[in-house]
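Structural features, examined
Residue-level listing of the chains:
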Amino acid sequence: MLDTLEELRAIEEIKRLKARYCRFVDLNHRDLLRDLFTDDIAYEFQGWKKGQGADSFAGSAKDFADRLSFHRVSMPDIEVLSETRARGIWAMVDIIEYPTSPEKTGFRGYGYYHEEYRKVDGSWKISSLLLIRHRIEDLGVPDNRR
Amino acid sequence: MLDTLEELRAIEEIKRLKARYCRFVDLNHRDLLRDLFTDDIAYEFQGWKKGQGADSFAGSAKDFADRLSFHRVSMPDIEVLSETRARGIWAMVDIIEYPTSPEKTGFRGYGYYHEEYRKVDGSWKISSLLLIRHRIEDLGVPDNRR
Amino acid sequence: MLDTLEELRAIEEIKRLKARYCRFVDLNHRDLLRDLFTDDIAYEFQGWKKGQGADSFAGSAKDFADRLSFHRVSMPDIEVLSETRARGIWAMVDIIEYPTSPEKTGFRGYGYYHEEYRKVDGSWKISSLLLIRHRIEDLGVPDNRR
């Protein structure tokens with residue numbers, strides 16, 4: 001089992017990993033995104049889509065070309081299980097917006113990520129991601145289309 | 001006084017404690033909530049209610065059966081005072097919603113938690129909680145009642 | 001180079017520094033704010049204003065006397081570069097409101113702080129601050145002026 005110092009370091013590295021996940025998605029750094037996942041990542045955005053594999057995830061990100069997203073995660077509850085395995089829960093607020101769509105505007109969501117992490121070649125990566133949204137607020141008509 | 005490693009571990013454990021407090025409240029894990037408090041916890045939600053005791057707090061949580069809440073805390077500023085005492089300030093945004101009420105909808109609040117913590121039998125617990133809200137936004141009529 | 005323990009301590013101290021920056025701005029603790037900056041801090045709020053020097057920053061804060069602000073930062077991605085230098089990126093949501101203005105209400109912004117830090121006389125301080133907002137929501141007419 002890890003000693004306290006190694007455990008605290010793992011937790012900080014996983015927090016940074018998740019911060020980068022959100023930032024790379026929101027700022028469209030799709031090229032950097034794939035490297036945050038294990039090759040065999042299982043992902044599910046509950047009620048919307050699910051899949052497996054880092055290429056699948058990063059590839060599906062192309063679908064997002066016509067949308068904007070703004071993720072804010074907080075309240076990490078991370079448990080290090082071994083030198084190479086951990087799991088965590090993150091509270092989330094996000095905005096998904098479709099600025100060019102004629103029929104849909106977007107929403108603000110509140111939920112939790114339930115995740116697992118593995119350390120691969122010295123770097124922590126997301127190996128499993130489940131997002132459950134508990135509240136959805138319709139964005140209404142955006143300013144620029146009123 | 002604690003050495004740096006023990007101090008950092010205490011801070012991480014207190015962050016996790018607060019994350020769980022918010023999550024257990026929001027997801028209605030009332031059974032798990034009580035264990036996060038010292039028996040003699042003093043709590044005050046300024047301008048709304050205050051009381052003392054973990055049973056009192058957990059018991060009053062039953063009043064919340066007809067409401068939904070969504071807490072997001074961030075920006076922890078935690079000071080470890082000794083091996084068994086700490087204090088902290090957390091920024092907060094919350095949504096309190098009354099989905100079945102005919103007359104009130106709910107609000108979004110912005111404020112700060114001012115808290116004290118004690119380590120009891122090896123676990124950090126909240127021993128004092130004061131919430132001060134600095135901004136309240138009326139939620140307006142929720143989508144499902146328009 | 002720092003060992004792991006010193007690095008983790010630096011990261012925690014910088015997180016606390018940023019938490020205090022936001023809290024001191026929002027709660028108008030202008031006297032405490034200046035001490036969080038290096039004397040030669042370079043700051044830019046993109047598209048709005050920029051300047052140099054802790055006195056300049058703290059002095060310009062007087063302009064804020066007629067506004068309210070509510071900052072929430074999360075997702076710190078902090079890299080310690082040496083014993084006295086670090087850099088970090090923070091996700092931000094803020095509300096800027098002008099409660100007494102007859103013509104402007106305010107906005108909710110989403111963005112990132114890109115910052116540099118220096119350790120001076122044993123304390124980490126912000127030496128460079130760039131805020132880029134990626135989304136602005138008009139607040140609309142506030143409740144108290146409808």
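Anyway, here's the lowdown on the structure attached to this text. (Residues numbered from 1 in each chain as written. Chains lettered and ligands numbered in written order. Predicted model: local features only at pLDDT ≥ 70, side-chain atom pairs only at ≥ 80, totals over all residues. Heavy atoms only, no water.)

**What about the overall build of chain A?**
Put simply, the rule is: Under the DSSP-based scheme used, a helix requires at least four consecutive residues in state H or I and a strand at least two consecutive residues in state E, with every element numbered from the N terminus. Radius of gyration: C-alpha atoms only; globule rule: 2.2 Å multiplied by the number of residues to the exponent 0.38. Classification of residues uses two cut-offs on accessible area relative to the type maximum, computed with a 1.4 Å probe and protein chains only: under 20% is buried, over 50% is exposed, and between them is partly exposed. Note on contacts: a residue pair is in contact if any heavy atoms of the two residues lie within 4.5 Å. Each accessible area is a Shrake-Rupley result for a 1.4 Å probe, and residues are judged covered by the shown protein chains and nothing else.
A count of helical and extended segments in chain A gives three helices and six strands. Shown N-terminal to C-terminal, the secondary structure of chain A runs as helices and strands in the order α-α-β-β-α-β-β-β-β. Taken over the C-alpha trace, chain A has a radius of gyration of 16 Å; the compact-globule value for 146 residues is 15 Å, and the two agree within 12%. Dimensions of chain A, computed from the C-alpha atoms along their principal axes, are close to 55 × 30 × 25 Å. Residues classed as buried in chain A amount to 55% of the 146 residues present. Partitioning the intrachain contacts of chain A with sequence separation of at least 6 by distance along the chain shows that 56% fall at a separation of at least 24. Accessible surface, chain A as shown: approximately 6,800 Å² in total, 47% of it carbon and sulfur.

**Quick word on the relation of the copies chain A and chain B**
One copy of the chain maps onto the other through a rotation about an axis plus a displacement along that axis. Operational definition: We place the copies in one frame by least squares, fitting the C-alpha atoms of every residue whose pLDDT is at least 70 in both.
For the pair chain A and chain B, the superposition axis carries a translation of 0.0 Å, the fit reaches an RMSD of 0.0 Å, and the rotation angle comes to 120 degrees. Both chain copies can therefore be described as sitting about a three-fold axis. Across chain A, the rotation axis passes nearest the C-alpha of A:Ser74, at a separation of 3.7 Å. By residue overlap, the copies meet through two different surfaces: only 17% of the interface positions of chain A are interface positions in chain B.

**Structural notes on the interface of chain A and chain C**
Our working rule: Using a 1.4 Å probe, buried area is obtained as the accessible area two parts lose upon being combined, added over both of them. Take a side-chain nitrogen of Lys or Arg and a carboxyl oxygen of Asp or Glu: if they are within 4 Å of each other, that pair is a salt bridge. Pairs of N or O atoms within 3.5 Å make up the polar contacts considered here, provided that, within protein, one atom can donate a hydrogen while the other can accept it, and that residues adjacent in sequence are counted only when both atoms are side-chain atoms. Under this grouping Gly is polar, as are all residues other than the nonpolar Ala, Val, Leu, Ile, Met, Phe, Trp, Tyr, Cys and Pro and the charged Asp, Glu, Lys and Arg.
In this complex, chain A contributes 21 residues to the contact, which on the side of chain C involves 23 residues. Roughly 1,900 Å² is buried in total at the junction of chain A and chain C, and carbon and sulfur atoms are behind 56% of that figure. There are seven salt bridges connecting chain A and chain C. When the shortest N-O distance is used, the salt bridge between C:Lys15 and A:Glu12 registers 2.7 Å. The tally of links from chain A across to chain C stands at ten residue pairs in polar contact (both at pLDDT 80 or more). Among the elements of the structure, α1 (4-26), β3 (68-80) and β4 (85-97) of chain A are those that each provide at least two residues to the side of chain A that touches chain C. Considering every element that reaches the side of chain A that touches chain C, the biggest residue donor is α1(A), with eleven residues. Looking at the side of chain A that touches chain C residue by residue, the classes come out as nine nonpolar, one polar and eleven charged.

**Examining the relation of the copies chain A and chain C**
Each copy superposes on the other: chain A lies on chain C with an RMSD of 0.0 Å after a rotation of 120 degrees and an axial shift of 0.0 Å. Of the residues that chain A buries at the interface, just 19% are likewise interface residues in chain C, meaning the two copies contact each other through different surfaces.

**Observations concerning the pairing of strand β5 (residues 106-120) of chain B**
Residue and element names in this part refer to chain B. Selection rule: Between any two strands, pairing holds if DSSP finds at least two bridges.
In terms of strand pairing, strand β4 (residues 85-97) meets β5 through 13 bridges, oriented antiparallel. Pairing of Arg87 across the sheet is with Glu116, part of β5. One ladder, built from 14 bridges, connects β5 with strand β6 (residues 123-138); its direction is antiparallel. Following the sheet pairing, Arg108 is matched in β6 by Glu137. Between β5 and the antiparallel strand that follows it, β6, lie two residues; Asp121 among them carries a positive phi value of about 50 degrees.

Don't take any of this as a statement about function, it's just geometry.
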